[in-house]
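Letter by letter, the chains look like this.
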Amino acid sequence: MQSPREQAQIAAGAWVLALDTPTLPPATATNTLVIGGDRLLIVEPATPHAREQARLDALVGELLAEGRTLAGVVITHHHVDHVGYATALRDAHDIPIFAHAETASRVPFEVDTQIAEGWSIDLGDGHELEALHTPGHAPGHLVLWDRKTEVAHAGDLVAGEGTILVDVSDGGDMSTYLDSLRRMAARVRARRELGRAPSFVPAHGPVLDDPAAVLDHYVAHRLAREDKVRRAVVEGGRRAFLGILASAYADTPKRLWPIAALSVEAHLRKLVDDGELVREGRGARPR
């Protein structure tokens, strides 16, 4: 029977556990990444459930028994399904919590070290983890990229199952999110031109071995939905918010429309910022 270490390993010096969390369907779990050489970082200490925490403890215990040490925990952003075990791990191992300043201002606990674009940490044996600021889903969202393995924890930039919500009431911004997707796609391609093979560990779903294709798909999907919102207003004469929602998400079950409404709002704000529409109450009209 494989040990927790063997079951979780996705590359030399990189281990992933999908741990149950209170997240949005269809996802039921959040991926925690343990990465490094003689020093280890725990990225996305998400689960609040004791049974799932014990699984992570077993993996970490096995790695520490090999003579490694823990350098800290990193959270990609502030949402509840990404931070559930952060403080308990800090207290148990006397290690710091790292996060972006925007995340630190939104979590209900103290972040020990605020990090930003370009921050990196040497984890030994050639592992150097770099922080990349990728806002849009959340203001402080980070992708954490290991320069040795080319394994990156992508947080909620993309998902291996379901989609990513951009909620303006929670600091989300559609234009910024699209920029982050395009930037990471360009970085993946640049690494491939150097003969590297990046893989993304999304917060939810399986590891993505072709992240550029997934990033491109996300951009195309968002722009296609934006076009439906635009056409609902410009061609369909839909000016009330519910009419725009019904037209743009006619292909989506009505039970999901409360979530879809958040995306419609994000797309409307982007189209207004782009100078294409003018808001009328909650709805919009052509400029």
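Each residue is numbered by its place in its chain's sequence as written, counting from 1. With the structure being a predicted model, the display of local features is reserved for residues of pLDDT at least 70 and the display and counting of side-chain atom pairs for 80 or more, all residues being used for whole-chain, interface and lining totals. Side-chain descriptors were evaluated using all non-hydrogen atoms of the structure, hydrogens and water having been removed beforehand.

Peer 1: Before we go on, may I ask you to explain the sheet that holds strand β6 (residues 97-99) in this structure?
Peer 2: One key point about sheets: their strands pair by backbone hydrogen bonds, in either a parallel or an antiparallel sense. If you walk across this open sheet you meet the seven strands as β1-β2-β3-β4-β5-β6-β7, and the pairing is mixed. Edge strands, defined here as strands with exactly one partner in the open sheet, are β1 (9-11) and β7 (113-114). Two strands make a pair as long as DSSP finds a minimum of two bridges between them. To qualify as a helix, a DSSP run of H or I must reach at least 4 residues; to qualify as a strand, a run of E must reach at least 2; elements of each kind are numbered from the N terminus. Where strand β4 (residues 39-43) lies against strand β5 (residues 69-74), five bridges are found, and the strand directions are parallel. Looking at β5, one finds that R39 is bridged to T69. Helix α2 (residues 50-64) rests against β2 (14-20), β3 (29-36), β4 and β5 of the sheet, and its axis sits at about 165 degrees to β2. We call two residues in contact whenever any of their non-hydrogen atoms come within 4.5 Å of each other. Each axis is a line fitted through C-alpha atoms, taken for helices only over the stretch in contact, and angles between the N-to-C directions span 0 to 180 degrees.

Peer 1: Before we go on, may I ask you to explain the packing of aromatic side chains in this structure?
Peer 2: Planes of paired rings set the category: under 30 degrees apart is stacked, over 60 is edge-to-face and the rest tilted, where pairs are Phe, Tyr or Trp rings (Trp by its six-membered ring) whose centres lie within 6.5 Å. By the definition in use, this model includes two aromatic pairs. Taking 5.2 Å as the distance between ring centres and 40 degrees as the angle between the ring planes, the aromatic pair formed by F98 and W119 counts as tilted. Of the two residues, F98 is situated in strand β6 and W119 in the loop between β7 and β8 (120-124); the sequence distance between them amounts to 21 residues. Among the residues examined, F98 registers a relative accessible area of 7% and is labelled buried. Taking relative accessible area as the criterion, W119 reaches 18% and is therefore assigned buried. For the pair W145 and F200, a centre-to-centre distance of 5.6 Å together with 85 degrees between the ring planes defines the contact as edge-to-face. Here F200 lies in strand β12 (residues 199-202) and W145 lies in strand β10 (residues 142-146), a separation of 55 residues in the sequence. Each member of the pair, W145 together with F200, is buried. In this arrangement the basic side chain of R187 is found over the ring face of W145, its NZ or CZ atom lying 4.4 Å from the centre. Whether a residue is buried, partly exposed or exposed follows from its accessible area with a 1.4 Å probe, protein chains only, as a fraction of its type maximum: under 20%, in between, or over 50%, in that order. Look at NZ for Lys and CZ for Arg. If either is within 6 Å of the ring centre and within 35 degrees of the ring normal, a charge sits over the ring.

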